[in-house]
Amino acid sequence: MFGTYKPEDVTILLKDISGLVKPQPTEERERLIQSGKHYSEMLPEEYEPSPEYLKCYYDALERYSGITADAVAIVSEKIFSDKGEKVVLVSLARAGTSIGVLIKHFIEKKYRCKIKHYTISIIRGRGIDKNAVNYILERHSPDAIQFVDGWTGKGAIKNQLVEALKDFPTVEANLAVLSDPAHVADKFGTREDFLTASSCLNSTVSGLLSRTFLRGDIIGEKDFHGAAFYSHLKEKDLTYQFINCIEGKFDFSKTFASDEKIFDGAGALEEVYKIAEEFKIRDINLIKPGTGEATRVLLRRVPFKILVHSLNDQNHLGHLYQLAKEKKVELVEYPLKNYKACGLIRSLGDA
């Protein structure tokens, strides 16, 4: 175990690559990614949040902790109804890990049982960590596995999960998330695009772990995918501050109506293609829809615009306004239907 998650909360099936890979500046990584180097072969420099941005994070956490707790409750109930006490949570590192901890805590407290939780790597364009999946299958029944992530954007990770599990025919590509505006998750807390505050920060709400890493000179054939532990940020670690804040809003007496809302207008992916056409973006991988994805674009990519459903929605998007101001990125009001925000990354070939 490495990182700051408690071992009783999650088993981390990742190789510790701390000190083996030098993080690279955002602009350099963007240039290399768009030149064909895969993002998983590099580590980004961590964004050091300003006091103003941290204030936005705390405001967002307080504002949305109740909504987040309810989404955890709803998706936990769906998982337990389907899998029962045998369930094995497999969260997708890194955004899914803290959500998996919250789901584990909710199920264990409400149903007075103990369940297992692992976190493993899945990488767009490279697939799932097969060594980690095999490790889990050696210990658990395949029908007990429930994959967990934080939210959906375009649905790329769900598609990657379906493709990757063709090599594991006994394992169902069943994905649970808190927020599913892309309409692709099998289980969800809501289909509304709401802000999960953990998307506002990087490693400091993720056990001080980096994004997952896969490069042949460091990750051997029998190794798990890698991640670095940013131990120098220990004094800034907010992982359990986030988890405890959400958990403090759990209400085990509540009952919830199922959110099956169908959005008006274009479907989620059709909306992405419409944005691509309007802004002349040839590669839809450069379009990152959803509040969480737009936030992460500002934290670790080089966007040229952030589309928002309103320029006056401080309650939902205040942190985005602050981050865009700091990064000098243009905010554009746009009639989004399925999302509240969308990040657009400039193609360096078009720059």
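This section reports on the structure supplied with the text. Remember, predicted model here, so these are calculated numbers, not experimental data. (Residues numbered from 1 in each chain as written. Predicted model: local features only at pLDDT ≥ 70, side-chain atom pairs only at ≥ 80, totals over all residues. Heavy atoms only, no water.)

## A few points about the overall build of the protein
To keep it simple, the criterion reads: We count a stretch as a helix when DSSP gives it H or I for four or more residues in a row; a strand needs E for two or more, and each element gets its number in order from the N terminus. Here the globule rule is a power law, 2.2 Å times the number of residues to the power 0.38, and the radius of gyration is based on C-alpha atoms. Only protein chains enter the area calculation, which uses a 1.4 Å probe; residues under 20% of their type maximum are buried, those over 50% are exposed, and those in between are partly exposed. Charge assignment: positive for Lys and Arg, negative for Asp and Glu; neither His nor the chain ends contribute. By convention, the point assigned to a charge is CZ for Arg, NZ for Lys, CD for Glu and CG for Asp.
For the protein, the count of helices and strands is nine helices and 13 strands. In terms of overall dimensions, the protein is globule-like: its C-alpha atoms have a radius of gyration of 19 Å, near the 20 Å expected for 351 residues. Within the protein, the proportion of its 351 residues that are buried is 60%. Of the charged side chains in the protein, 49 are positive and 50 negative, and the gap between their average positions amounts to 2 Å.

## Considerations on the pattern of salt bridges
Note the cut-off: The term salt bridge refers to a pairing of a side-chain nitrogen on Lys or Arg with a carboxyl oxygen on Asp or Glu at a separation within 4 Å.
Applying the stated rule across the entire model yields 23 salt bridges. Between Lys 305 and Glu 330 there is a salt bridge, with the nearest N and O atoms lying 2.7 Å from each other. Placement of the pair is Lys 305 in strand β11 (residues 303-308) and Glu 330 in strand β12 (residues 330-333), with a sequence separation of 25 residues. Residue Glu 330 is classed as partly exposed on the basis of its relative accessible area, which comes to 42%. Each member of the salt-bridge network shares a partner with another, and the members are Lys 37, Glu 41 and Arg 126.

## Considerations on the sheet that holds β11
Spelled out, the test is: At least two bridges found by DSSP between two strands are what make those strands a pair. Orientation is described by lines fitted to C-alpha atoms, with helices fitted over the stretch in contact, and by angles between N-to-C directions that extend from 0 to 180 degrees.
With respect to topology, four strands assemble into an open sheet ordered β10-β13-β11-β12, the strand pairing being mixed. Either end of the sheet is taken by a strand with one partner, and the two such strands are β10 (287-289) and β12. Between one strand axis and the next, the sheet turns by 20 degrees as a mean value, whatever way the strands run. Direction of pairing for β11 relative to strand β13 (residues 341-345): antiparallel, over a ladder of five bridges.

## Section: the nonpolar core
Just so we agree on the cut-off: To qualify as a nonpolar core, a set must consist of buried Ala, Val, Leu, Ile, Met, Phe, Trp, Tyr and Cys residues joined through side-chain atoms within 4.5 Å. Residue contacts follow a heavy-atom distance rule, with two residues in contact if any of their heavy atoms lie within 4.5 Å.
Core analysis: the biggest nonpolar cluster contains 76 residues, and Tyr 57, Ile 103 and Phe 242 have the highest contact counts within it. If near-sequence neighbours (up to four positions away) are discounted, Tyr 57 is found in contact with Ala 197, Cys 200, Leu 201, Val 205, Leu 238, Gln 241 and Phe 242. Of all hydrophobic cores here, the second largest spans 24 residues; its members include Ile 120, Ile 136, Leu 165 and Phe 188.

## Overview of the packing of aromatic side chains
Operational definition: Ring pairs shown here join Phe, Tyr and Trp side chains whose ring centres sit within 6.5 Å, with only the six-membered ring taken for Trp; geometry is labelled stacked below 30 degrees between planes, edge-to-face above 60, and tilted in between.
Taken as a whole and judged by the stated rule, the model has nine aromatic pairs. Plain terms: the ring middles of Tyr 5 and Tyr 240 are 6.4 Å apart, the flat faces sit at 70 degrees to each other, and that makes the pair edge-to-face. In this pair, Tyr 5 is assigned in the segment before β1 (11-12) and Tyr 240 in helix α6 (residues 239-247), connecting sequence segments 235 residues apart. Accessibility classification places Tyr 5 together with Tyr 240 in one group, the buried group. Here the aromatic rings of Tyr 135 and Phe 224 are separated by 5.9 Å at their centres, their planes lie at 85 degrees, and the arrangement is edge-to-face.

## Re the packing of helix α2 (residues 51-83) against helix α9 (residues 314-327)
Short version of the rule: Working definition: roughly parallel below 35 degrees, roughly antiparallel above 145 degrees, roughly perpendicular at 65 to 115 degrees, and oblique for all remaining angles. Each crossing is labelled by how the near helix is turned from the far one, with a counterclockwise turn of less than a right angle marking it left-handed and a clockwise turn marking it right-handed. Amino acid classes used here: Ala, Val, Leu, Ile, Met, Phe, Trp, Tyr, Cys and Pro are nonpolar; Asp, Glu, Lys and Arg are charged; the rest, including Gly, are polar.
Axis separation between α2 and α9 bottoms out at 9 Å; the angle between their running directions is 165 degrees. With respect to α9, the element α2 is oriented roughly antiparallel. Seen from above, α2 lies across α9 with left-handed handedness. Side by side, α2 and α9 meet where Glu 52, Tyr 53, Cys 56, Arg 63 and Tyr 64 of the first sit next to Asn 315, His 316, Gly 318, His 319, Gln 322, Leu 323 and Glu 326 of the second. Partitioned by chemical class, the residues of the contact of α2 with α9 number four nonpolar, five polar and three charged.

## A look at the side chain of Thr 119
Tracing the chain through its elements places Thr 119 in strand β4 (residues 116-123). Sequence-distant contacts of Thr 119, defined by excluding residues within four places in its chain, comprise Val 10, Thr 11, Ile 12, Leu 13, Ser 91, Leu 92, Ala 93 and Thr 97.

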